[in-house]
Amino acid sequence: MRNKVKELRKSQNLTQEQLADLIGISRQAINAIEKEKFDPSLPTAFKMAKLFKTTIEELFIFSN
Amino acid sequence: MNTTNNKELIKKGTKNLALWTSAWLTMLLIVTIGPDVLWDNDLITLSGIVINLIIGIVMLISNKNLFDNYDEFQRKIQLESMAFTLGLSVIFGVLFEKMHSSGLIDLKPKIHLLIIFISITYIISLIINMRRYK
């Protein structure tokens, strides 16, 4: 699934490690999400959207 | 959830699992060679088997505790590796047994060969999965 995690993380001057600490997952997970190789769980997606003050639909772009 | 704290828990859990796995393997070795080399008493052998079983259960619990501390991504990697290992072990286990029963190979299908196969396959699939998601 396409996403804007990397873009928003950089706009907030956060490293992958810092974002991982704030969300409560590993840095490797953040890296895999940013590279669109791993889709996060719903709670993680909500935490990310809340942190970036956006919605899940804005953050993750669903396409068939 | 604090990941710094979680990293510590994973580190501690991994050490714990390594310790119990070593203890289980050591006890297994003692129980295997003990009756032939160290003692000639069924009660000692039975006690060794019971201790080995108890250590095995503790090893399983520490593995579960470690798994509980993984995040969703680490769990996905572990589960995919386990599924791959299980599938390959069944396929090659049955194949090996059939090849032996039909006389194509002389090597007898023994449990230690399966354990070695499972260990190697699991390590390789973990490495492959970690690289896949990099």
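See the structure above.
Residues numbered from 1 in each chain as written. Chains lettered and ligands numbered in written order. Predicted model: local features only at pLDDT ≥ 70, side-chain atom pairs only at ≥ 80, totals over all residues. Heavy atoms only, no water.

Engineer: Any chance you could explain the overall build of chain B here in plain terms?
Structural biologist: Check the secondary structure of chain B and you find 4 helices and 0 strands. Ordered by position in the sequence, the α and β elements of chain B form the string α-α-α-α. Its C-alpha radius of gyration of 18 Å places chain B more than 25% over the 14 Å reference for a compact globule of 134 residues. Residues counted as buried form 25% of the 134 residues belonging to chain B. A sequence separation of at least 24 residues applies to 70% of the contacts in chain B between residues at least 6 apart. Of the roughly 9500 Å² that chain B leaves accessible, carbon and sulfur atoms contribute 71%. Each charge class in chain B was averaged separately, 13 positive and 10 negative side chains, and the resulting centres sit 11 Å apart. (Helix = DSSP H or I, 4+ residues; strand = E, 2+ residues; numbered from the N terminus. Rg over C-alpha atoms; globule rule 2.2 N^0.38 Å. Buried < 20%, exposed > 50% of the residue type's maximum accessible area, 1.4 Å probe, protein only. Contact = heavy atoms within 4.5 Å. Areas by Shrake-Rupley, 256 points an atom, 1.4 Å probe, with all protein chains shown as cover. Lys, Arg positive; Asp, Glu negative; His and termini not counted. Charge placed at Lys NZ, Arg CZ, Asp CG, Glu CD.)

Engineer: Help me understand the environment of B:Ile49 in this model?
Structural biologist: With respect to the helices and strands, the residue B:Ile49 is situated in helix α2 (residues 42-69). Through-space distance from the C-alpha of B:Ile49 to that of B:Val31 is 6.5 Å; in sequence the pair is 18 residues apart.

Engineer: Help me understand a nonpolar patch on the surface in this model?
Structural biologist: On the surface, B:Leu29, B:Ile30, B:Ile33, B:Val37 and B:Leu38 cluster together into a nonpolar patch covering about 470 Å² of accessible area. Within the element layout of this structure, B:Leu29 appears in helix α1 (residues 3-37). (Patch = residues over 30% accessible without salt bridge, like charges linked within 9 Å, V, L, I, M, F, W, Y side chains within 5 Å. Salt bridge = Lys/Arg side-chain N within 4 Å of Asp/Glu carboxyl O.)

Engineer: What should I look at first to understand the packing of aromatic side chains in this one?
Structural biologist: Centre-to-centre distance and the angle between the planes together describe a pair of aromatic rings. Residue and element names in this part refer to chain B. This model, assessed by the stated rule, comprises 3 aromatic pairs over all chains. Their ring planes at 75° and their centres at 5.9 Å tell us that Phe67 and Tyr70 sit as a pair that is edge-to-face. Look at Tyr70 and you get buried, because its relative accessible area is 14%. An angle of 45° between the planes, with centres 5.4 Å apart, marks the rings of Phe92 and Phe117 as tilted. Of this pair, Phe92 sits in helix α3 (residues 72-101) while Phe117 sits in helix α4 (residues 111-132); the two residues are 25 residues apart in sequence, bridging distant segments of the chain. On the basis of relative accessibility, which here comes to 41%, the residue Phe92 falls in the partly exposed class. Overall, Phe117 belongs to the partly exposed group, its relative accessible area being 27%. (Phe/Tyr/Trp six-rings, centres within 6.5 Å; stacked < 30°, edge-to-face > 60°.)

Engineer: Please clarify how the layout of surface pockets should be interpreted in this entry.
Structural biologist: To find the voids left in a structure, one rolls a probe of water-molecule size over its atoms. The volume enclosed by the largest pocket comes to roughly 1300 Å³. B:Leu17, B:Asn63, B:Gln78, B:Tyr122 and B:Leu126 are the residues nearest the centre of the largest pocket, which is lined by 36 residues in total. Put simply, the parts of the chain that give the lining of the largest pocket at least two residues each are α3 (27-34) of chain A together with α1, α2, α3 and α4 of chain B. When residues of the lining of the largest pocket are assigned to their parent elements, the largest contribution, 9 residues, is made by α4(B). Taken together, the residues that form the lining of the largest pocket break down as 23 nonpolar, 11 polar and 2 charged. When residues of the lining of the largest pocket are sorted by domain, at least three fall in each of domain 1 (1-69) and domain 2 (71-134) of chain B. As a volume, the second largest pocket reaches approximately 180 Å³. Taken together, B:Phe92, B:Gly93, B:Phe96, B:Pro109, B:Lys110, B:Ile111, B:Leu113, B:Leu114 and B:Phe117 make up the lining of the second largest pocket. Where the lining of the second largest pocket is concerned, the elements lending two or more residues are α3 and α4 of chain B. (1 Å grid on protein atoms, 1.4 Å probe; cavity = no way out; pocket = protein on both sides within 12 Å on 5 of 7 lines; lining within 4 Å. Points joined across faces, edges and corners; volume = space filled by probe spheres on them. Nonpolar A, V, L, I, M, F, W, Y, C, P; charged D, E, K, R; others polar. Domains from an automatic or database assignment.)

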